[in-house]
Amino acid sequence: MTVVSIRKVGDPVLRRVADPVTSFDAELRKLVRDLNETLAGSRGAGLAAPQIGVGLRVFAINPDLPGNDAGLDHLINPVLEFPDEEEQDGPEGCLSIPGVYLDTKRRMNVAAKGFTEHGDPVQIVGTGLLARCVQHETDHLDGVLFIDRQDAAGRERLLATLREAAWFGDIQLKVSPH
């Protein structure tokens, strides 16, 4: 089993827009396997390639998430569509910001089109937690962290918590204007 180290907030790779996947080859399949094994080892809901230092538009999701009836465990080059304006507000965390959970507003429903590791077109249609996860991981591919989805007070609470975290150290944190 290959469990890769997860990059923490402050690492520049987390703020870069990931490149589209153009080659559906053995190297991509290894990346998907590494993402899935790292996600399983972390017990998270999702994990994007930039979180393990790879700047490609790929993410893994927990196939057991409620509503993931097809049991999909990854999506490549996702494009999101929102069928309505309904929103949800609830706790959200991030493997790159361990131990921190903040209420975060997201769309309630999402349809995400993309590809499997073999280049086959696929679609994930989700609501609630599955929709939240797909949006969160797609944000990672766009260089956006969930801290960027917070209001000013939420960002300040998060920054104060991070400064006290043992793993945070001397990381210089820039908050994106998204």
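Quick caveat, the model's predicted, so the values are computed rather than measured. (Residues numbered from 1 in each chain as written. Predicted model: local features only at pLDDT ≥ 70, side-chain atom pairs only at ≥ 80, totals over all residues. Heavy atoms only, no water.)

Visitor: Would you take a moment to explain the sheet that holds strand β7 (residues 121-127) for this structure?
Guide: Strand pairing within a sheet occurs via backbone hydrogen bonds; the two strands may be parallel or antiparallel. Overall, antiparallel pairing links the five strands, which are arranged β1-β2-β3-β6-β7 in an open sheet. Each edge of the sheet is formed by a strand with only one pairing partner; in this case those strands are β1 (46-48) and β7. The sheet shows a mean angle of 40° between the axes of neighbouring strands, direction not considered. For strand β2 (residues 58-61) and strand β3 (residues 74-81), the ladder comprises three bridges, and the chain directions are antiparallel. Paired with Phe-59 across the strands is Leu-75, a residue of β3. (Pairing = 2+ DSSP bridges. Helix = DSSP H or I, 4+ residues; strand = E, 2+ residues; numbered from the N terminus. Axes fitted to C-alpha atoms, helices over the stretch in contact; angles between N-to-C directions.)

Visitor: How should I be thinking about the layout of surface pockets in this particular structure?
Guide: Space left empty within the atom packing is revealed by a probe, the size of a water molecule, rolled over the atoms. Taken as a whole, the largest pocket spans an internal volume of roughly 340 Å³. Lining the largest pocket we find 20 residues, and of these Gly-44, Ala-45, Gly-93, Cys-94 and Tyr-101 sit closest to its centre. Elements supplying a minimum of two residues to the lining of the largest pocket: β4 (87-94), β5 (97-107) and α2 (128-141). In terms of residue class, the lining of the largest pocket is built from 10 nonpolar, six polar and four charged. Counted as a void, the second largest pocket has a volume near 190 Å³. Considered class by class, the residues forming the lining of the second largest pocket number six nonpolar, two polar and four charged. (1 Å grid on protein atoms, 1.4 Å probe; cavity = no way out; pocket = protein on both sides within 12 Å on 5 of 7 lines; lining within 4 Å. Points joined across faces, edges and corners; volume = space filled by probe spheres on them. Nonpolar A, V, L, I, M, F, W, Y, C, P; charged D, E, K, R; others polar.)

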